[in-house]
Amino acid sequence: MSDARQHAHLHAQTRVRERRQRLAHEAARLMAEGGIRDFQMAKRKAAQRLGIHDDASLPRNREIEDALRDYQRLFLGDGQRAELRRRREAALRALEFFAGFEPRLVGPVLDGTADAHSPVALHLHSDDPDAVPRWLDEHGIPAQPRSRQLRLDREREVDAPAWLFGAEELTFEATVLPLDGLRQAPLSGIDERPMRRASAAQLRMLLAEDEISGYETR
């Protein structure tokens, strides 16, 4: 490759990289300020706003999540941390309430990117499709049925039943998976790796670590 062609190639790569960074940060801003929880939607809106339409410039979901963490730290600070803590504490009580369903906390509340717009996402496990709605009904908790498409692995997808309900002035979404789903988490929509999950014991440890970290930074 000639020097001129190599220079042009490097220049083109730099432009693509810069566009990816701009799109990632704009998508993160839209998610933080507009309450968008869907990475693809944020990505499309950011591309429209910036007038960038080539696929090579579209950032990966992980790049957007990293930019979202940066945005929250720089612009939302203590407010975001307070909303996250509130949801984690409520999630612990929910995990204890659903103890009979081998519950796990998943999503932004666990990963640390939750804000005032974020529901608390739980995975419950049961081979009885009526067990969770029956449990909610027995405890007088109105819930709306939903369906969530999850990828179990690279080849298999499942439409899992989910239940949306309110408690402690927060929104909860409990997705029900079969008991054998405990052996391996569904794949994350962010990086297609097994989702990070936390049991009640693991969440207690995380809350304790957060509290210690909070004292250390004062």
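Parameters and conventions
Residues numbered from 1 in each chain as written. Predicted model: local features only at pLDDT ≥ 70, side-chain atom pairs only at ≥ 80, totals over all residues. Heavy atoms only, no water. Buried < 20%, exposed > 50% of the residue type's maximum accessible area, 1.4 Å probe, protein only. Helix = DSSP H or I, 4+ residues; strand = E, 2+ residues; numbered from the N terminus. Pairing = 2+ DSSP bridges. Expected span 1.5 Å × (residues − 1). Bend = angle between axes of the 7 residues up to and from the residue. Arc of directions from axis to C-beta. Polar contact = N/O pair within 3.5 Å; in protein donor to acceptor, adjacent residues only side chain to side chain.

S.K.: Describe the pairing of strand 5 (residues 170-177), listing the residues and the values that go with them.
M.R.: Consecutive residues of a regular strand have side chains that alternate between opposite faces of the sheet. When you tally the buried positions in strand 5, you get seven out of eight residues, the bulk of the element. Looking at chain direction, strand 2 (residues 120-125) and strand 5 are connected through six bridges and run parallel. If you follow Val120 over to strand 5, its bridge partner there is Phe172. Bridging between strand 4 (residues 157-167) and strand 5 involves six bridges; their strand directions are antiparallel. Residue pairing across strands places Ala162 opposite Thr175, the latter belonging to strand 5.

S.K.: Please give an account of helix 3 (residues 61-97) that cites residues and values.
M.R.: Taking 1.5 Å of rise per residue, 37 residues should cover 54 Å, yet helix 3 covers just 32 Å from first to last C-alpha, more than 12% shy of that figure. The sharpest bend along helix 3 comes to roughly 115°, located at Leu76.

S.K.: Account for helix 2 (residues 39-50), naming residues and giving values.
M.R.: With 12 residues, helix 2 should cover 16 Å at 1.5 Å per step; its first-to-last C-alpha distance of 16 Å lies within 8% of that length. All of the buried residues along helix 2 are Phe39, Ala42, Lys43, Ala46 and Ala47. An end-on view of helix 2 places all buried positions within 135° of arc, on one side of the element. In helix 2, the exposed positions that point more than 90 degrees away from the buried face belong to Gln48 and Arg49. Sitting at the amino-terminal end of helix 2 is Asp38, which places a side-chain oxygen 3.0 Å from the backbone nitrogen of Gln40. Immediately downstream of helix 2, the backbone of Gly51 shows phi near 65°, a positive value.

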